[in-house]
Amino acid sequence: MNGQGSCCRRAGPRGSTRRRVHGRSGVSPRPRRSVRVPAGLSFKKFGRILEEKAKADWNRVFQGTEKTRERLGVVDELLAYWNLDDSEDTLEELEDALIASDFGPGAALALVEGLREKIRLGEIKDQGSLKQELKKSMVGILESAAVNSGSGELAVSDSGLSIILVVGVNGGGKTTTVGKLSSRFAKEGYTVTLAAGDTFRAAAKEQLEVWAERTGARVAEYPEDMEKPDPVKVLAHAAELGLRDERDSDILICDTSGRIHNNFKLMDEIERCKKVLSDAKQGAPSETLLVLDSTTGLNMLNQAREFNDYIGITGLVLTKLDGTARGGAVVGVVQELGIPIKFIGVGEKVEDLQPFDAEVFVDGILST
């Protein structure tokens, strides 16, 4: 196994989730990965692809975050009765309200501590300035990991084929996200190839073929010598074909099977999937996107930690925001992991996959 995935894991029976706990038995914890753009990559190309959405569609985001906004109504009630004399009691209640809204203890504490310090310095004196500072702090956390929040930019190779790997747990919306990304790129005249790396779920390849037909993309064929479905071989073959015919394809988007994030065997497989792409082309994949189901709230953190630990995640795609009141969890995810959110899903239509804009999002979940 390559060094990229060398955290200590013990083999076990198929389906085992047994994993050595970092820090015990003399095992050192793996250092936290940093999000960076590898040499030879650029953000420029995809910035142009998505320039028509350089700012997320406010109306779609506002409608898609309605349930979260309703849940955060308690914050508005707290701030409405705030005054300097009982500010500490209000701040404690605010922290509890943020935690209850799935912001998570870390993000809630960071936000409240920031407000407490500004109150101490005399920078917050009324309800209006308190709310504005709260929103400003939220935006600050969400933008802290982003290269250019709201642009939808993805790092791509300066020349030749660009490879994007899409991963996540079962039912998060990976294949649909792959299709929506393909649609966006195709509208700008880029040729897209899709790799059907989800070899486990029934009809996953057929679903991808439907998206390909709708978006003008093509699906890479399975290798002829493959006796049974093997995602590693599928992605290796797709990358080989794409690199051989680079004039016929600008972008290769690799779909993968959903996998339980604490199953070492399945996580080892996704590690090998990424390795065959990097073996095929230096610096590939240029983006490794983790699709997270927003309805799971802060459970997203556990998923993101494990995937990032194994393969290094460069960006997050949050789906199903329109169906949950737990959208505040995105603040906690970014605050703890420092991974930028690239896109959010606020509906079922193709155009409902929106570039993540921190200011637009915060305005959507906290009423003005």
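See the structure shown above.
The structure reproduced in this document is the subject of the present report. Keep in mind that this is a model prediction, so the values were computed, not measured.

Here we come to the packing of helix H7 (residues 127–143) against helix H14 (residues 358–365). Closest axis-to-axis distance for the H7/H14 pair is 9 Å, and the angle between their directions is 140°. As summarised for this structure, H7 and H14 are arranged oblique, according to the angle between their axes. Two packed elements cross with a definite hand, and for H7 against H14 that hand is right-handed. On the side of H7, the interface is formed by Lys135, Met138, Val139, Leu142 and Glu143, while H14 contributes Ala358, Glu359, Phe361, Val362 and Asp363.

So, on to the pairing of strand S8 (residues 315–319). In terms of burial, S8 is a largely internal element, five of the five residues being buried. A crossover links strand S7 (residues 287–293) with its parallel partner S8, the connecting element being helix H12 (residues 299–311), and its sense is right-handed. For the crossover from S8 across helix H13 (residues 329–337) to strand S9 (residues 341–345), the handedness is right-handed.

This part covers the packing of helix H6 (residues 105–120) against H7. Contact pair H6 / H7: the axes reach a minimum separation of 10 Å and the direction vectors enclose 135°. Between H6 and H7, the angle falls in the class oblique. Note that H6 runs across H7; the crossing there is right-handed. Seen from H6, the contacting residues are Leu111, Leu115, Lys118 and Ile119; seen from H7, they are Leu130, Glu133, Leu134, Ser137, Met138 and Ile141. Class assignment for the residues of the contact of H6 with H7 results in seven nonpolar, one polar and two charged.

A few words now on unusual backbone geometry. In this structure, Pro285 follows Ala284 across a cis peptide bond, with omega equal to -10°. Along the polypeptide, Pro285 turns up in the loop between helix H11 (264–280) and S7. Positive phi, normally seen in glycine, also occurs at Ala203, with a value near 70°. In this fold, Ala203 is placed in the loop between strand S4 (192–197) and helix H9 (204–215). Judged by its relative accessible area of 46%, Ala203 falls in the partly exposed class. For Lys320, which is not glycine, the phi torsion reads 65° and is therefore positive. Looking at the secondary structure, you find Lys320 in the loop between S8 and H13. Classification of Lys320 as partly exposed rests on a relative accessible area of 35%.

Conventions and cut-offs
- Residues numbered from 1 in each chain as written.
- Predicted model: local features only at pLDDT ≥ 70, side-chain atom pairs only at ≥ 80, totals over all residues.
- Heavy atoms only, no water.
- Axes fitted to C-alpha atoms, helices over the stretch in contact; angles between N-to-C directions.
- Helix = DSSP H or I, 4+ residues; strand = E, 2+ residues; numbered from the N terminus.
- Parallel < 35°, antiparallel > 145°, perpendicular 65-115°, else oblique.
- Left-handed = near helix turned anticlockwise from the far one by under 90°.
- Contact = heavy atoms within 4.5 Å.
- Buried < 20%, exposed > 50% of the residue type's maximum accessible area, 1.4 Å probe, protein only.
- Right-handed = clockwise from strand over helix to strand, strands pointing away.
- Nonpolar A, V, L, I, M, F, W, Y, C, P; charged D, E, K, R; others polar.

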